[in-house]
Each structure stands twice: as structure tokens, then as C-alpha cells.
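Breakdown of the fold
This is what each chain is made of:
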Amino acid sequence: MGNVALDTLMSDFLQKSGGVAVIDGGLATELERYGADLNDPLWSAKCLLTSTHLIRQVHLDYLEAGADIIITASYQATIQGFEAKGYSPEDGESMLRKSVEIAHEARDIYYERCLESSSDCDCSHNGRILKHRPILVAASVGSYGAYLADGSEYSGDYGDAMDLEFLKGFHKRRVQVLAESGADLIAFEAVPNKLEAQAFAELLEEGIIHIPAWFAFNSKDGVNVVSGDSMAECAAIADSCNKVVAVGINCTPPTFITALISTIKKATTKPILIYPNSGETYDAQRKQWVKNSGVPDEDFVSYVNTWCEMGASLIGGCCRTTPNTIRAIYRALPTRSESSN
């Protein structure tokens, strides 16, 4: 696949999505709502071993809430992480492929439901959005810190001994397997520092990956990525990579997003993606969310049109957002609300 095809995948998709595409919302908290126990270093990836039907159901819930992009349950799925649980490298690779297969199954079921619905209007009597539209499957790749499961994905501090070649070696096979699994693109999520961004960019440029990718960084101050590295420098690394088709922010409180969009716009002309968390605070030591520290759906959604006006063209939610959040985002977009009237 040449660079032209990579470039046009996202621009064509956004055009067909009315200029702004909707990304899905939080996965782990929805799995827990369905009864999954994620108290495990594998986190949501544990369900690849125990309850694939729940992952499929959450993907479907988001599609019926209006999501145009569903992100696979592979954020915390690493070959090394599965090995630590006693699985072979081949088993680990199989789990990575399975994460993409489940998303494909959900998309197929959704399209069947669209065909079965009486018309091509995008709502049914119970509020489900059933509209045949382009849907992308993004294969999630979390950071090295996510694999460590020690909170370092929220600090980006991997110690002074960390180097580029180690990170490339850690991620290489996993990214390759996901890229060959039928996913439409790779989603590098919550990238916490410049070094890991560089590692991902170099892996993409080495020629073993033949699908596009997006880079989503996280921030806890609205200025820099969580490690303290410059957001502008991180965005510039993503911008310089031909295979990167969108750059933006995830797992960051909504209140910081406006300033971060301004910073990213100065570093890239690529589409900007925004999928913040609910604004709640995560206690990495206690491995739990601090209750009542977030923003309600209506406040979250009130930001959406501002983000669009500033230039964001892919918008969704991350941790602790729900299908209700995503449905509200879909309804808030002028291009979508017009089509559902």
C-alpha cells in the first residue's frame, strides 16, 4: 500500500462521515458493568482469555450509539504479558489476532442489524442508531508502561536506563501481528513520552507495517505529555511519519483539550483526534478511580462543538465514558443530527 492510499484512507473516511467521525468510548468500565473482573495485570485484555462475548457486546453497544471507529481490546495485550501468565508466544499472538476478529464480528453483526431495520434512518424506537456507514477497526497498542501495570503509563517515567532500541524490540512483533490481522489502522494510545513516540514512528517507517496508524498522547497539565516532554515535539514526531494519518489526545481530562488542540495544530496539518476520559482521577497506586471527580455527559458533550470548531475531526471518549456519552457526541454533531431528523 503506497503513501497515497494511506493518506486517502482517513480523508475519504472523514468525508463519508460528514467531516467529523465518532470514536467509541471506554472499554474496561463497560466490561465491568457486564460483570467482568479486570483486577489483573492484563486488565481488559483478560477478557480475550475469558469472555470474548462481552467484548463483542461492548463493541456493538458503541456502534449502536453512533461510533464510526471501534478500538480493539488489545491496549494491555502484549505477547510478554501473556507469557507472564504462562501462555506461549504463539498463544499471545493468537490473542492479539482475536481482539481484531471480535471487532470484525461486531461490525458484521451491526451491519446485519442495519439491513434488518425497516429503513435507513439512523434511529430505532429504542434509541439505537442503525445506519449503514463506513466503520473502521482500530487495533489498540498501549505503551510499555501499560504492560508494566504499575501506573508508569500515567507518568511516562521508565527510568534513565530506558532506550529507543529496547522499546522498539518490545513492541515490534505485537505491532506486526496486529497490522497483519485485518485491522484498518493501528491506534497507538496514551503515548506518554517522546522516546516511545519515536520508537513507534521508527517501527512504522521500517516497512514491516502496511496499514496506517494514529498517535494519541496523554497529558495531565494541558501543556505537555504526562512525562513532561513537549506536546509540540511529540506531535511533530507523529507528523513526520508518513504512515500516521491522525494525531491527538486520549485519556486526558476534557478541561485540558482546548489548549492541547492549539498546540497540536501548530505541529501538524494531519487530522486531529480527541477522545478524553471522563475527567475522573485515576489513583495508580490503589488502581482505582476516585469517585465523583469527573464531568457529567452533558458537560463533556458541551465541549464537542468547540473542539470541532478548533479543528478536531475525530471525537470520542476514553476511560469511564459510556455508550451514552458516545450517543450524546453523535447527536451533538450538526452533520449527524441533521441526518437523524
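Analysis parameters
- Residues numbered from 1 in each chain as written.
- Predicted model: local features only at pLDDT ≥ 70, side-chain atom pairs only at ≥ 80, totals over all residues.
- Heavy atoms only, no water.
- Pairing = 2+ DSSP bridges.
- Helix = DSSP H or I, 4+ residues; strand = E, 2+ residues; numbered from the N terminus.
- Expected span 1.5 Å × (residues − 1).
- Bend = angle between axes of the 7 residues up to and from the residue.
- Buried < 20%, exposed > 50% of the residue type's maximum accessible area, 1.4 Å probe, protein only.
- Contact = heavy atoms within 4.5 Å.
- Polar contact = N/O pair within 3.5 Å; in protein donor to acceptor, adjacent residues only side chain to side chain.
- Phe/Tyr/Trp six-rings, centres within 6.5 Å; stacked < 30°, edge-to-face > 60°.
- Core = buried A, V, L, I, M, F, W, Y, C linked by side-chain atoms within 4.5 Å.
- Axes fitted to C-alpha atoms, helices over the stretch in contact; angles between N-to-C directions.
- Parallel < 35°, antiparallel > 145°, perpendicular 65-115°, else oblique.
- Left-handed = near helix turned anticlockwise from the far one by under 90°.
- Nonpolar A, V, L, I, M, F, W, Y, C, P; charged D, E, K, R; others polar.
- UniProt positions renumbered as here; feature names shortened; annotations may be inferred.
- Salt bridge = Lys/Arg side-chain N within 4 Å of Asp/Glu carboxyl O.

Remarks on the sheet that holds strand E1 (residues 21-22)
With parallel pairing, eight strands are arranged side by side in an open sheet as E1-E10-E7-E6-E5-E4-E3-E2. At either margin of the open sheet sits one strand with a lone partner, and together these are E1 and strand E2 (69-71). Relative to strand E7 (residues 272-275), strand E6 (residues 244-250) is paired through four bridges, and the arrangement is parallel. If you follow Ile249 over to E7, its bridge partner there is Ile274.

Section: helix H8 (residues 164-179)
With 16 residues, H8 extends 21 Å from end C-alpha to end C-alpha; this agrees with the ideal 22 Å at 1.5 Å per step. Maximum bend of H8: about 40°, positioned at Lys172. For H8, every residue scored as buried is listed here: Leu164, Leu167, Lys168, Phe170, His171, Arg174, Val175, Gln176, Val177, Leu178 and Ala179. The elements touched by buried residues of H8 are helix H5 (79-84), helix H6 (89-116), strand E3 (136-141), helix H7 (144-148), strand E4 (185-191) and helix H9 (194-205). Regarding H8, its N-cap is Asp163, as a side-chain oxygen of that residue lies 3.3 Å from the backbone nitrogen of Glu165 further along.

Points about the packing of aromatic side chains
In the structure shown here, the tally under the stated rule is 15 aromatic pairs. Ring plane angle 70° and centroid distance 6.1 Å describe the contact between Trp43 and Tyr75, whose orientation is recorded as edge-to-face. Of this pair, Trp43 sits in the loop between helix H2 (28-33) and helix H3 (47-50) while Tyr75 sits in the loop between E2 and H5, placing them 32 residues apart in sequence. Judged by relative accessible area, Trp43 falls into the partly exposed class, the value being 27%. For the ring pair Phe188 and Phe215, a centre distance of 5.3 Å and an interplane angle of 75° mean the geometry is edge-to-face.

Notes on the environment of Cys308
Tracing the chain through its elements places Cys308 in helix H13 (residues 304-310). For the pair Cys308 and Gly19, spaced 289 residues apart in sequence, the C-alpha separation works out to 9.5 Å. Apart from the residues within four sequence positions on either side, Cys308 is in contact with Val20, Ile315 and Leu333.

Comments concerning the nonpolar core
Within the largest apolar cluster, 85 residues are counted, with the highest numbers of intra-cluster contacts made by Phe188 and Phe215. Counting residues in hydrophobic clusters, the runner-up holds 21 residues, among them Ile69, Ile71, Ala138 and Cys319.

Quick word on the packing of H8 against H9
Packing of H8 against H9 brings their axes to within 9 Å, and their N-to-C directions diverge by 50°. When the interaxial angle is binned, H8 and H9 end up oblique. For the element pair H8 and H9, the recorded crossing hand is right-handed. In this structure, H8 uses Leu164, Leu167, Lys168, His171, Lys172 and Val175 to contact H9, whose residues at the interface are Leu195, Glu196, Gln198, Ala199, Phe200, Glu202 and Leu203. Its residues assigned to classes, the contact of H8 with H9 shows seven nonpolar, two polar and four charged.

Observations regarding the environment of Lys194
As for its placement among the helices and strands, Lys194 is situated in helix H9. Assessed through its relative accessible area of 32%, Lys194 is described here as partly exposed. Ignoring sequence-local partners within four residues, the contact set of Lys194 consists of Asp229, Glu233, Cys234 and Ile237.

Considering the UniProt feature "binding site: Zn(2+)" (unreviewed entry) in the protein
The UniProt entry lists Cys251, Cys318 and Cys319 under the feature "binding site: Zn(2+)" (unreviewed entry), expressed in the numbering used here. A compact arrangement is adopted by the annotated residues: their sequence extent is 69 residues, whereas the largest C-alpha distance between any two is 6.4 Å. Setting aside its immediate chain neighbours within four residues, Cys251 contacts Tyr154, Asn218, Tyr275, Pro276, Asn277, Cys318 and Cys319. Summarising the element assignment, Cys318 is placed in the loop between strand E10 (312-315) and helix H14 (323-332). Once you skip the residues sitting within four places of it in the chain, Cys318 turns out to touch Gly25, Gly26, Asn250, Cys251, Tyr275, Pro276 and Asn277.

Some points on the pattern of salt bridges
With the rule as written, the count across this model stands at 13 salt bridges. Measuring nitrogen to oxygen at the nearest pair gives 2.8 Å for the salt bridge that ties Glu206 to Lys168. A residue pair is termed long-range when its members are at least 10 positions apart, and Glu206 in the loop between H9 and strand E5 (213-217) and Lys168 in helix H8 qualify at 38 residues. Residue classification places Glu206 among the partly exposed positions, given a relative accessible area of 40%. With a relative accessible area of 9%, Lys168 lands in the buried category.

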